[in-house]
Every structure is written in structure tokens, then in C-alpha cells.
Amino acid sequence: MTDPADPADRRSVIRDSLGVGIATGLYGVSFGAVSVAGGLSVLQTCALSLVMFTGASQFAFVGVVAAGGAPVSGALTALMLGTRNTLYGLKLAPLLGFRGWRRPAAAQVVIDESTAMSVTRESQALARAGFVATGLSVFVLWNLFTLVGAVAGNLIGDPRTYGLDAAVGGAFLALLWPRLSDPRNRMIAVCGAAVALGAVPVTAAGVPVLVAGGVALLAGVLTRSASDPTELPGR
Amino acid sequence: MTWVAILGAGVGCYLLKLAGVSLPARVLDHPVVERVADLIPVALLAALVAVQVFADGTRLTLDARALGLAAAVVALLLRAPFLVVVFVAALAAALARIVFPGS
């Protein structure tokens, strides 16, 4: 630790982080159940949580494969969604200051929640406390509850009876929701959804989502060449 | 094939995280990089919502899943936590299928 932290502050950061860890870990149940409902085995489902370990990418992979898409389309969608963790890592690295073996170990738990619970801290000690407590608790519980959900999902029979196919759409919407407070994001979301639906009848399953990703890429590059004066409404 | 995709994408996602904590911070300074990285999750998640709810293979459909999505919107407007949103979406679709079998 390069700077001292008040033990009370530290305890409070860790307590909040564990709360986030428990809440996030619990919804591993929904991932596990949705994944086996989508046709993956219990072992494949657990491998996704263990190795990929980034919720949106995992749901995306399973969603594409369940819809009859090629596993490669699922993999590409998962990777595109995983790029945001690179951005998180870039922001976190100077803040956490991990060296040696700690860096590759910490990398696996660079996700939405651990980033959110550490980037706002005032000192390195508190940032590390938030990152480690959130990252580890989410990792352990997410994997545990993925297994619980996968085993339970295997036992309940036809997933459509329980509306599990509708749960996937709800999960994606819940992941998207916090980003919709920004007007530009709302426009991109509407465009992405429209483009994907337009592509459904003319492309193989899984491809429409990738096409939407391409639209975002294009929008990001083009809004730059249009530059500041023509910045989108509401910035 | 599925295993190759799972492990390939899994390791790929790890390498994306590792690149983030290993690359120099100035990579982030490029405005295009930051904007594209902001927009991609939004477009992909919106596309995934649309396709998961309104597509069946290569056909567009309107069935019980749309009711599930509407229920999820209501739950989100009421600031329900993630797990509740997912549960409500499933419940609404399941109930719709009891009332309208085959939907």
C-alpha cells in the first residue's frame, strides 16, 4: 500500500463491495439456467463463467447460440462486448498500480462492477480494497451460482414453460438500461435494434447483432469526422 | 465446435482485459477509441434485446416474449434490481403462455 487509509473507510468500502458482489453473484443463477436452456451443457456453462467471466459477453454468446447462430458468431459478439473491459483496464491500471503476478491475476476480475466500485475512490488503498473485494466476491459467487442455475435449469424441463427465453431479453435490457440516460446512446440503441431486426430475415442467426456492432463502429468514426460543431443533439 | 468457440472467446475476453491493464494509458486518449468503445456495448445490447425478443431464427415474430420485455421495462422504471427484472420478464411470458397457449 502506498498510502494509508482510515480503517473505518476501508471497512465501509469492503462492506459496500461485498454487497455488490452478492447481488451480482446471485444473478449467476439466471445465466446458468438460461445457458442450459439455450442448449449448452452444464460443463460448458461453467467454463463460460470461469474463463470468459464477463456477464454481458456470456449472455450474448449463449443468446446467439440458442437462437441457432454459429458458435463463431456468438464468440465474435462476446469479444466485441468484451472490448469495454479493455477500457476499464486502461482506467484502472494507474489507479491500482498492480505489478508482477498481481497484474495478470487482477485482469481476470476487471469487469463492470469491480471498476465501478474502485474508480471513484480517493486513495490507492481504497481503490484496491474496492477492486479486490468486489472482483473476488463476484468471481466466487458468480461461478457458484452459475453451477446452481445450470443444474436447476437442467432439471426443470422445457424452459419456455417458465418463460426463460423471455428472461434473456429482460437481462440484456437491464444491462443496457443505465446507459440509456444519455440521448446519444438512446439513438444508437434504437439504430442498433432497428438494424439488427432488419437483418434478421436476410442473414443467418447471430449475424444481425454483429451488423449492429458494425453500425456502432461506423457511428463512432463518422461522428468524429463530423467533429464538434455538428455534435449530435444533446451532445 | 461449441467448445472451441467457448474457450476461444473466453481466452480472448481475458486477453482484452489483460491488454487494458498492461497497455500505456495514452491509448485511451484517442477520442475515436473512447467513443467507439462507448457505443459498441449500447448497439450490441440493444440489438441483442431486439433479436432475443422479436426474432425466431430468421423470422420476425411477436409472441409471449414481447410481453416479458414490456414487464421488464415496467420493472426497470420502478428501479427493480437486475434479478427481479429478469424474473418478472420470465414470469410475464410464462403467464402469457398459460393464457394463450402456443404464444
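Residues numbered from 1 in each chain as written. Chains lettered and ligands numbered in written order. Predicted model: local features only at pLDDT ≥ 70, side-chain atom pairs only at ≥ 80, totals over all residues. Heavy atoms only, no water.

**Digging into the overall build of chain A**
Here's step 1: The secondary structure content of chain A amounts to 11 helices and zero strands.
Here's step 2: Listing the helices and strands of chain A from first to last along the sequence gives α-α-α-α-α-α-α-α-α-α-α.
Here's step 3: Scaling as 2.2 N^0.38, a compact globule of 235 residues should have a C-alpha radius of gyration of about 18 Å, and chain A matches this with 19 Å.
Here's step 4: Oriented by its inertia axes, the alpha-carbon framework of chain A measures out at about 60 × 55 × 30 Å.
Here's step 5: In chain A, buried positions account for 51% of the 235 residues.
Here's step 6: Mean positive and mean negative side-chain charge positions of chain A (16 and 12 charges, respectively) differ by 5 Å. (Helix = DSSP H or I, 4+ residues; strand = E, 2+ residues; numbered from the N terminus. Rg over C-alpha atoms; globule rule 2.2 N^0.38 Å. Buried < 20%, exposed > 50% of the residue type's maximum accessible area, 1.4 Å probe, protein only. Lys, Arg positive; Asp, Glu negative; His and termini not counted. Charge placed at Lys NZ, Arg CZ, Asp CG, Glu CD.)

**Observations regarding the confidence of the model for chain B**
Here's step 1: With 100% of its residues at a pLDDT of at least 70, chain B reaches an overall mean of 92.
Here's step 2: Mean pLDDT across the elements of chain B bottoms out in helix α2 (residues 31–54) of chain B (89) and peaks in helix α3 (residues 64–77) of chain B (97). (pLDDT = per-residue confidence, 0-100.)

**Quick word on the domain arrangement of chain A**
Residue and element names in this part refer to chain A.
Here's step 1: Per the domain assignment, the segments making up chain A are domain 1 (7–177) and domain 2 (182–235).
Here's step 2: One C-alpha centre belongs to domain 1, the other to domain 2; they are set 25 Å apart.
Here's step 3: Contacts between the two partners involve nine residues from domain 1 and, on the opposite side, seven residues from domain 2.
Here's step 4: On the domain 1 side of the contact with domain 2, Ser73, Thr77 and Met80 bury the most area, a combined 56% of that side's loss.
Here's step 5: At the boundary of domain 1 and domain 2, one finds zero salt bridges.
Here's step 6: For the pair domain 1 and domain 2, the interface holds zero residue pairs in polar contact (both at pLDDT 80 or more).
Here's step 7: Among the elements that take part in the side of domain 1 that touches domain 2, helix α5 (residues 71–96) stands out by supplying four residues, more than any other.
Here's step 8: A breakdown of the residues in the side of domain 1 that touches domain 2 according to their chemical character gives five nonpolar, four polar and no charged. (Domains from an automatic or database assignment. Contact = heavy atoms within 4.5 Å. Buried area = accessible area lost by both parts, 1.4 Å probe. Salt bridge = Lys/Arg side-chain N within 4 Å of Asp/Glu carboxyl O. Polar contact = N/O pair within 3.5 Å; in protein donor to acceptor, adjacent residues only side chain to side chain. Nonpolar A, V, L, I, M, F, W, Y, C, P; charged D, E, K, R; others polar.)

**Brief notes about the packing of aromatic side chains**
Residues and elements named next belong to chain A.
Here's step 1: Inspection of every chain in the model, using the stated rule, returns seven aromatic pairs over all chains.
Here's step 2: Centroid distance Phe31 to Trp142: 6.0 Å. Interplanar angle 25°. Geometry classified as stacked. Linking Phe31 in helix α2 (residues 28–37) with Trp142 in helix α8 (residues 124–155), this pair joins segments that are 111 residues apart in sequence.
Here's step 3: A relative accessible area of 0% means that Phe31 is categorised as buried.
Here's step 4: Geometrically, the ring pair formed by Phe59 and Phe172 is edge-to-face, given 6.2 Å between the ring centres and 75° between the ring planes. (Phe/Tyr/Trp six-rings, centres within 6.5 Å; stacked < 30°, edge-to-face > 60°.)

**Points about the interface of chain A and chain B**
Interface extent is often summarised as the accessible area lost during association of the parts.
Here's step 1: Opposite the 87 residues of chain A that make contact, chain B presents 69 residues.
Here's step 2: Counting the surface lost from both chain A and chain B, the interface buries some 6,700 Å², and carbon and sulfur atoms represent 79% of this.
Here's step 3: Per-residue buried area on chain A facing chain B is highest for Leu90, Trp177 and Leu197 of chain A; these three make up 9% of the total on that side.
Here's step 4: Here chain A and chain B share one salt bridge between them.
Here's step 5: The tally of links between chain A and chain B comes to 12 residue pairs in polar contact (both at pLDDT 80 or more).
Here's step 6: Residue assignment for the side of chain A that touches chain B shows that the elements contributing at least two residues are α3 (42–52), α4 (55–66), α5, α6 (102–107), α9 (164–176), α10 (183–199) and α11 (207–226) of chain A.

**Here we look at helix α4 (residues 82–99) of chain B**
Here's step 1: Taking 1.5 Å of rise per residue, 18 residues should cover 26 Å, and α4 of chain B covers 26 Å from first to last C-alpha, within 8% of that figure.
Here's step 2: Listed in full, the buried residues belonging to α4 of chain B are Phe82, Val85, Val86, Ala89, Ala90, Ala92, Ala93, Ala94, Ala96 and Arg97 of chain B.
Here's step 3: Buried residues belonging to α4 of chain B abut α2, α4 and α9 of chain A together with α3 of chain B. (Expected span 1.5 Å × (residues − 1).)

**Describing the side chain of Gln124 of chain A**
Residue and element names in this part refer to chain A.
Here's step 1: The topology assignment puts Gln124 in helix α8.
Here's step 2: A polar side-chain atom of Gln124 sits 3.3 Å from the main-chain carbonyl oxygen of Leu95.
Here's step 3: Side-chain polar atoms of Gln124 contact the backbone oxygen of Leu96, separated by 3.2 Å.

**Some details on the pattern of salt bridges**
Here's step 1: This model, assessed by the stated rule, comprises five salt bridges over all chains.
Here's step 2: Note that Arg160 of chain A is salt-bridged to Asp165 of chain A, the shortest N-O span being 3.5 Å.
Here's step 3: A single network of salt bridges, built from pairs that share partners, joins Arg160 and Asp165 of chain A together with Arg97 of chain B.

**Considering the nonpolar core**
Here's step 1: By size, the foremost hydrophobic cluster in this structure holds 82 residues, and its most contacted members are Phe59, Phe61 and Phe172 of chain A.
Here's step 2: Looking at this core element by element, the count peaks at 15 residues for α2 of chain B.
Here's step 3: Of the residues that make up this core, three or more belong to each of domain 1 (7–177) and domain 2 (182–235) of chain A. (Core = buried A, V, L, I, M, F, W, Y, C linked by side-chain atoms within 4.5 Å.)

**What about α3 of chain A?**
Here's step 1: Of the residues making up α3 of chain A, those classed as buried are Gln44, Thr45, Ala47, Leu48, Ser49 and Met52 of chain A.
Here's step 2: The inward-facing, buried residues of α3 of chain A contact α2, α4, α5 and α8 of chain A together with α1 (2–22) of chain B.
Here's step 3: One or two residues past the end of α3 of chain A sits Phe53 of chain A, with phi positive at roughly 40°.

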